[in-house]
Amino acid sequence: MLESPYVTQYLTEHFSEADYPTLEGYERRGGYRAARKAITEMAPDEVIETVKTAGLQGRGGAGFSAGLKWSFMPKDDERPKYLVCNADESEPGSFKDRILLERGAHQMLEGILIAAWATGACATFIYIRGEYAYPAVQVERAIAEAYAKGYLGENVMGTGFRHDVQVTRGAGAYICGEETGLLESLEGKKGQPRKKPPFPAQYGAFGMPTTVNNVETFSHVPHIIGKGADWFRGFGTEKSPGTTIFGVSGHVVRPGLYELPLGTPLSEIVFEHAGGIPGGRKVKGVIPGGMSMPILPAGQLDVPMANEFLRERKTMLGTGGVMVMDETTCMVRAASVISYFFRDESCGQCTQCREGTGWMHKIIERIERGAGEEEDIDVLGDVAGKMEAKTICAFADAAAWPIQGLLRHFRDDFVEHVRQRKCPFPGSFEL
Amino acid sequence: MVISDETRSKIEEAISKYPQKRGALLPAIHLVQADCGHVSKECAAELAEIFEILPIQVMEVVSFYNMFFDSPQAKHHVYVCTNLPCSLRGSRSLLSQLESHLGVTAPGATEDGRIFLGHEECLGACGYAPMMRVDDEYHEDLDVEKAKQILDSLGK
Ligand SMILES: Cc1cc2nc3c(=O)[nH]c(=O)nc-3n(C[C@H](O)[C@H](O)[C@H](O)COP(=O)(O)O)c2cc1C
Ligand code: SF4
Ligand code: FES
């Protein structure tokens, strides 16, 4: 079981209370009132409008407006409509969905129910990564409780609304986190992403209109419906309202989870909340949002953690996975670990991605060994540049961005490897 | 028949929950593995029959996912996460010390088939690094001694 976040707000405030994960405990703290309100007092469009006004951005990585996405679901369509809850969480550096599943399964289910009402979906598939055995047990238990109480099934809360929820377990493939790779996997196939269009709202799970949202995205929804869009906008920035759960890892005194408003400065997260760098060492760079997001050097940590500010520094919030690297860190080694991961996880459908991830790793590995040439560094940048925005899914971009970020801010590390013909950082983490 | 009646009825139940039969293929493979340890050729053929697809289509799925196996496995699976956040906190030296403790080179299994030791990509425990997954369980905030004890306590 995961430790409760060090700093909590509305999403996680009850996570350290033992009975909160149960239906009874959740209801004792006001749980399921928002769902009841939505289903009995609000028209579906009104729910969508409220979520749009609240400005809830998806928390799965891309930051797309949740309300807008729901509004893409066709209205005059006889076909069954589905929701998918993306609980595949496998972006390196990200471990926030895990706690939301372990301790907050009812909060997520309530969000799902509200989204189902808003979009007219008759069923939700929760796709949980295969390695999350304990979180899956917690979700299954919560679902069983909700069925027993009549909150799921044929007659939700006695209103005649029907909604079924079921869990599908993944089996160890990062690419199944990409929404169309997930849909293929859900259909019992290899998790290879689909060409878009058609988008999932037209042709999603089992060919039916489908909306895919992240675990955390759903978890915010009961709070928005229960307390209103204005209340929600009281957290975070004008363009990025609400809180999020930052997962801090790497070289900090107190790694762990921190629920904070969007827009919290990265430096505050690293130095105040997470206690700074151990041993009085200095920070070298921080990856702000999971491994796919470009790194920021020590001088740029004043940035508020919201996409409108992070974009100016050529990076993004991603999943809020903050990875901290101190001054001992060899950035070529970091690049090597990163490129190995992407080479390993490419699904292989697109040439740029399949070949590019392999080439990047090969070149980086050569430079790290001290066997690289100066021109290798340019070739590396060139390969990364040729992988962007040309493939079936955004995995190739996710593979290119972190390498481009490292080259942008830590090119000297690469150059020194070539000049000295060895790694100039003997005290760095081991490869 | 290699797939037991009990597993078959669980597979049927899973199938009833999906709008299309094939949706239950991943759940079915999980069930077969829980029962038989891996998906043998015979299992694949029987699954293919149940799902009305070709055996090669079953094997294609088995080979795509890291958690599915087409050959007999060691009794316990131990994976040390070596992705970046864990590497920053010493997971690689943990892995190499566990390799010498068990006398294996990862990825690989002990001769008695008791433990398979490998490395894995991020497991969603980055704040509690280094960590390892032992079968279905996570062990976090590890040091070498604690990790060795856990491995030593694993039964045959
Ligand atoms: C390579 C790749 C991996 C992804 N992995 C995840 C994941 O593990 N969890 C997740 O919620 N979204 C992931 N996404 C984003 C999803 O495609 C999708 O945008 C998201 O689930 C939508 O939910 P949201 O709008 O609520 O954020 C991934 C995207 C890409 C390109
Ligand atoms: S970009 Fe990469 S992961 Fe995405 S579909 Fe193409 S090959 Fe597969
Ligand atoms: S990097 Fe090891 S659990 Fe995330």
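See above for the structure.
> So what about the overall build of chain A? Which residues, and what values?
Along its length, chain A carries 16 helices and nine strands. Taking 22 Å as the expected radius of gyration for a compact globule of 431 residues, we find that chain A reaches 22 Å, a close match to that expectation. For chain A, the C-alpha atoms occupy an extent of roughly 75 × 45 × 35 Å along the three principal directions. Burial statistics for chain A: of 431 residues in total, 63% are counted as buried. Considering only residue pairs separated by 6 or more positions, chain A has 71% of its internal contacts joining residues 24 or more positions apart.

> Can you lay out the interface of chain A and chain B for me, pointing to particular residues and giving the numbers?
Taken together, the contacts link 60 residues of chain A with 40 residues of chain B. For the pair chain A and chain B, the two sides together bury roughly 3900 Å², of which 60% comes from carbon and sulfur. Across the chain A-chain B interface, the total number found is one salt bridge. In this structure, Glu-140 of chain B engages Arg-98 of chain A in a salt bridge whose closest nitrogen and oxygen atoms are separated by 3.0 Å.

> Kindly report on the site of ligand 1, identifying the contributing residues and their values.
All names here are of chain A. Residues in close proximity to ligand 1 total 18 residues, the closest being Gly-60, Lys-69, Asn-213, Asn-214 and Thr-217. In the environment of ligand 1, an oxygen atom lies 2.7 Å from a nitrogen or oxygen atom belonging to the backbone of Gly-60. Measuring from an oxygen atom of ligand 1, one finds a side-chain N or O atom of Asn-213 at 2.8 Å. Protein chains shield 89% of the accessible area of ligand 1, which is 620 Å² for the free molecule. The element that contributes the greatest number of residues to the shell around ligand 1 is strand S4 (residues 210-214), accounting for three residues.

> Run through the sheet that holds strand S6 (residues 256-261) of chain A, naming residues and quoting values.
Working definition: the strands of a sheet are paired by backbone hydrogen bonds and lie parallel or antiparallel to each other. Residue and element names in this part refer to chain A. Strand order in the open sheet formed by five strands is S6-S5-S9-S7-S8, with mixed pairing between adjacent strands. The open sheet has two edge strands with one neighbour each: S6 and strand S8 (296-297). Where strand S5 (residues 243-250) and S6 come together, six bridges link them in antiparallel fashion. Across the sheet, the residue bridging to Thr-243 is Pro-261, located in S6.

> Describe in detail helix H9 (residues 215-227) of chain A, supporting the description with residues and values.
Residues and elements named next belong to chain A. Counting buried positions along H9 yields 11 of 13 residues, so the element is predominantly enclosed. When H9 is considered as a whole, its buried residues turn out to be Val-215, Glu-216, Thr-217, Phe-218, Ser-219, His-220, Val-221, Pro-222, His-223, Ile-224 and Ile-225. Its side-chain oxygen at 2.7 Å from the backbone nitrogen of Glu-216, Asn-214 defines the N-terminal cap of H9. Just beyond H9, the residue with positive phi is Gly-228, at close to 100°.

Reading the values: rules and limits
Residues numbered from 1 in each chain as written. Chains lettered and ligands numbered in written order. Predicted model: local features only at pLDDT ≥ 70, side-chain atom pairs only at ≥ 80, totals over all residues. Heavy atoms only, no water. Helix = DSSP H or I, 4+ residues; strand = E, 2+ residues; numbered from the N terminus. Rg over C-alpha atoms; globule rule 2.2 N^0.38 Å. Buried < 20%, exposed > 50% of the residue type's maximum accessible area, 1.4 Å probe, protein only. Contact = heavy atoms within 4.5 Å. Buried area = accessible area lost by both parts, 1.4 Å probe. Salt bridge = Lys/Arg side-chain N within 4 Å of Asp/Glu carboxyl O. Near = heavy atom within 4 Å. Polar contact = N/O pair within 3.5 Å; in protein donor to acceptor, adjacent residues only side chain to side chain. Areas by Shrake-Rupley, 256 points an atom, 1.4 Å probe, with all protein chains shown as cover. Pairing = 2+ DSSP bridges.

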